[in-house]
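# Notes for the structure review
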Amino acid sequence: MSAAAQPRRTRNSRLVRTLAVAGACVATVALPLVGATSASAASGTTTAATTLAGYPNNLDGWIRESLAIMAEKDIPGTYNGIYRNIIRESSGNPNAINLWDSNAAKGIPSKGLLQVIDPTFNAYHVAGTSFNIYDPVANITAACNYAAARYGSIDNVFGAY
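As the structure is a computational prediction, the values presented were derived from the model and not from experiment.

The next subject is the packing of aromatic side chains. Tallied over the entire structure, the rule returns 4 aromatic pairs. Here Tyr79 and Tyr83 contribute two aromatic rings whose centre-to-centre distance is 6.4 Å and whose plane-to-plane angle is 10°, an arrangement assigned as stacked. In this pair, Tyr79 and Tyr83 are both assigned in helix H3 (residues 79-90), 4 residues apart and thus about one turn of the helix distant. Taken together, the ring pairs connect Tyr124, Tyr146, Tyr151 and Tyr161 into an aromatic cluster.

Below is the structure:
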């Protein structure tokens, strides 16, 4: 095929790809800055909200606070095991509720980060944590206590439990 007959590649597609990559990089850098700016404007400081125990009030902090409580109570589990199960069960939403599975059909839906039902939460509640099943630290700690009794550790849970 002669050079004249070959389809011409436009510079536009290369420019679009370059701008898309550059835009993604800028967005990655800008997102933390936007959060920091708005947080400091709202509160006068740049520190993130924390739990009463001093951990960040986010998924990472909730897991770390739960692990500290679990260590005091000899409940086995690791950050990775807890995180993996939370992402599978609730995508990190502490207010998640399952209204469609067999538990929900029986009137006891699974709730919270690790999708615990009320009877299990009550039976495996860990002293020193909230009695609110939607409290992230209480939910994680009770679920890990249950998983330890049933499976040896939350680390051994790879599906619905």
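Having seen the structure, we can now continue with the description.
Let us now look at the pattern of salt bridges. Scanning the model with the defined rule gives 3 salt bridges in all. Put simply, Arg88 and Glu89 hold a salt bridge, and the shortest N to O gap is 3.1 Å. Judged by relative accessible area, which is 21%, Glu89 ranks as partly exposed. Its salt-bridge partner being Lys111, residue Asp118 comes within 3.0 Å of it at the nearest N-O pair.

Turning to the layout of surface pockets, a few remarks are in order. The calculated volume of the largest pocket comes to roughly 290 Å³. Lining the largest pocket are 13 residues, and of these Glu89, Asn103, Ser110, Gln115 and Tyr161 lie nearest its centre. Here the lining of the largest pocket is built from residues that sort into 6 nonpolar, 5 polar and 2 charged. Estimates place the volume of the second largest pocket at around 160 Å³. Taken together, Thr51, Leu52, Ala53, Glu65, Ile69, Gly128, Thr129, Ser130, Asp135, Val137 and Ala138 form the lining of the second largest pocket. Those elements that place two or more of their residues in the lining of the second largest pocket are helix H2 (59-72) and helix H6 (136-151).

Basis of the calculations
Residues numbered from 1 in each chain as written. Predicted model: local features only at pLDDT ≥ 70, side-chain atom pairs only at ≥ 80, totals over all residues. Heavy atoms only, no water. Phe/Tyr/Trp six-rings, centres within 6.5 Å; stacked < 30°, edge-to-face > 60°. Helix = DSSP H or I, 4+ residues; strand = E, 2+ residues; numbered from the N terminus. Salt bridge = Lys/Arg side-chain N within 4 Å of Asp/Glu carboxyl O. Buried < 20%, exposed > 50% of the residue type's maximum accessible area, 1.4 Å probe, protein only. 1 Å grid on protein atoms, 1.4 Å probe; cavity = no way out; pocket = protein on both sides within 12 Å on 5 of 7 lines; lining within 4 Å. Points joined across faces, edges and corners; volume = space filled by probe spheres on them. Nonpolar A, V, L, I, M, F, W, Y, C, P; charged D, E, K, R; others polar.

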